[in-house]
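Report on the structure
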Amino acid sequence: MSSNYRPRFNPATVTNDQHRINHRIKVPQVRVISESGEQLGIISTREALDRAESLGLDLVEVAPKAAPPVCKIMDYGKFKYREQKKEADSKKKRSEVVIKELRIRYTTDKGDFKTKVDRARGFLEKGDKVKFSMLFKGREIAFMERGIEKFKEVALSLEDIADIDSQSPKPGKQIFVIFTPKVSKKNE
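What you are looking at is a predicted structure, and each value in this text was computed from that prediction instead of being measured. (Residues numbered from 1 in each chain as written. Predicted model: local features only at pLDDT ≥ 70, side-chain atom pairs only at ≥ 80, totals over all residues. Heavy atoms only, no water.)

Moving on to the sheet that holds strand S4 (residues 70–74). One open sheet accounts for four strands, arranged S2-S1-S4-S3; its pairing is mixed. Pairing within the sheet leaves two strands with one partner each, and these edge strands are strand S2 (39–44) and strand S3 (58–63). Averaged over neighbouring strand pairs, the angle between their axes works out to 35° when direction is ignored. As paired strands, strand S1 (residues 29–33) and S4 are joined by three bridges and run parallel to one another. Within S4, the residue paired with Arg31 across the bridge is Val70. Of the strands in this sheet, S1, S2, S3 and S4 are in contact with helix H1 (residues 45–55), which crosses S2 at around 125°. (Pairing = 2+ DSSP bridges. Helix = DSSP H or I, 4+ residues; strand = E, 2+ residues; numbered from the N terminus. Axes fitted to C-alpha atoms, helices over the stretch in contact; angles between N-to-C directions. Contact = heavy atoms within 4.5 Å.)

Those residues of H1 that fall on the buried side of the exposure criterion are Thr45, Ala48, Leu49 and Ala52. Here the buried residues of H1 occupy an arc of 100° about the axis, which is enough to place them on one side. Looking at the residues trailing H1, positive phi occurs at Gly56, about 75°. (Buried < 20%, exposed > 50% of the residue type's maximum accessible area, 1.4 Å probe, protein only. Arc of directions from axis to C-beta.)

Sheet strands pair via backbone hydrogen bonds, and the direction of the pair is either parallel or antiparallel. In space, the four strands of this open sheet follow the order S5-S6-S8-S7, with mixed pairing throughout. Edge positions in the sheet fall to strand S5 (99–103) and strand S7 (162–167), since each of these pairs with one other strand and no more. Along the sheet, successive strands turn relative to each other by an average axial angle of 25°, direction set aside. Across five bridges, the pairing between S7 and strand S8 (residues 174–181) is antiparallel. Paired with Gln167 across the strands is Val177, a residue of S8. Seen against the sheet, helix H3 (residues 110–126) touches S5, strand S6 (129–135), S7 and S8 and runs at an angle of roughly 175° to S5. Against the sheet, helix H4 (residues 144–158) makes contact with S6, S7 and S8, and its axis sits at roughly 5° relative to S8, the strand it touches most.

Cis geometry is adopted by the peptide bond preceding Pro68, which originates at Ala67 and carries an omega value of -10°. Counting through the fold element by element, Pro68 comes out in the loop between S3 and S4.

For the rest of this paragraph, the subject is the nonpolar core. It is characteristic of soluble globular proteins that their nonpolar side chains tend to be buried jointly. Ranked by size, the top nonpolar core spans 22 residues in total, and within it Phe132, Leu158 and Phe179 carry the most contacts. When residues of this core are traced back to their parent elements, those giving at least two are H3, S6, H4 and S8. Those residues within four positions of Leu158 in sequence are excluded, and the remaining contacts are Val117, Ala120, Arg121, Leu124, Phe132 and Phe179. Judged by nonpolar contacts, the second largest core, of ten residues, contains Val32, Ile43, Leu49 and Leu59. (Core = buried A, V, L, I, M, F, W, Y, C linked by side-chain atoms within 4.5 Å.)

Summed over all chains, the structure comprises four aromatic pairs. Judged by centre distance (6.0 Å) and plane angle (85°), the ring pair of Phe132 and Phe179 falls under edge-to-face. On the criterion of sequence distance, the pair formed by Phe132 in strand S6 and Phe179 in strand S8 is long-range, its members being 47 residues apart. By relative accessible area, Phe132 is classed as buried at 0%. On the basis of relative accessibility, which here comes to 2%, the residue Phe179 falls in the buried class. Each residue in the set Tyr106, Phe136 and Phe143 is aromatic and connected to the rest through ring pairs, giving one cluster. The positively charged end of Lys131 is found above the aromatic ring belonging to Phe176, 4.9 Å away from the centroid. (Phe/Tyr/Trp six-rings, centres within 6.5 Å; stacked < 30°, edge-to-face > 60°. Lys NZ or Arg CZ within 6 Å of the ring centre and 35° of its normal.)

Taken by themselves, the reported measurements are silent on function.
Dropping the structure here:
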């Protein structure tokens, strides 16, 4: 065996918990809060662990940076479950802004154009933003006016359901327009 021996990685020794619990608390004294929320004062960590074990609960370090650290006697499993529920509820309440991109050309024909506008209408009804983009290759840049006219047609087709949020600041090889759903009177 070489002198550079390192023990194998054991995943059981790694925890993803952000709180130290029970025997992982290494300080000599802690300020303890009982399961009912009453302060028990500053006592030795060993005594606090014995109290928690006698109640069938865990000693959880809730404020590690305090002097001495603050620990609470509680059921850690229930505590983690409540934390996960709060996290899930906050995720449900968050709304993500999704931008759907549709590409058209200044040469897009009526049938394809109607299909793209109908898809955009569906996205807008779901509450997503829609970005129409157009790319000019090589000498096509000479047809910039036709592209801008095509975007005006799109805006007219969607004016009942959407507002223009932003558009490309200056014409270049690529131009775009972003539409947002109109806010209905019910939501205000």
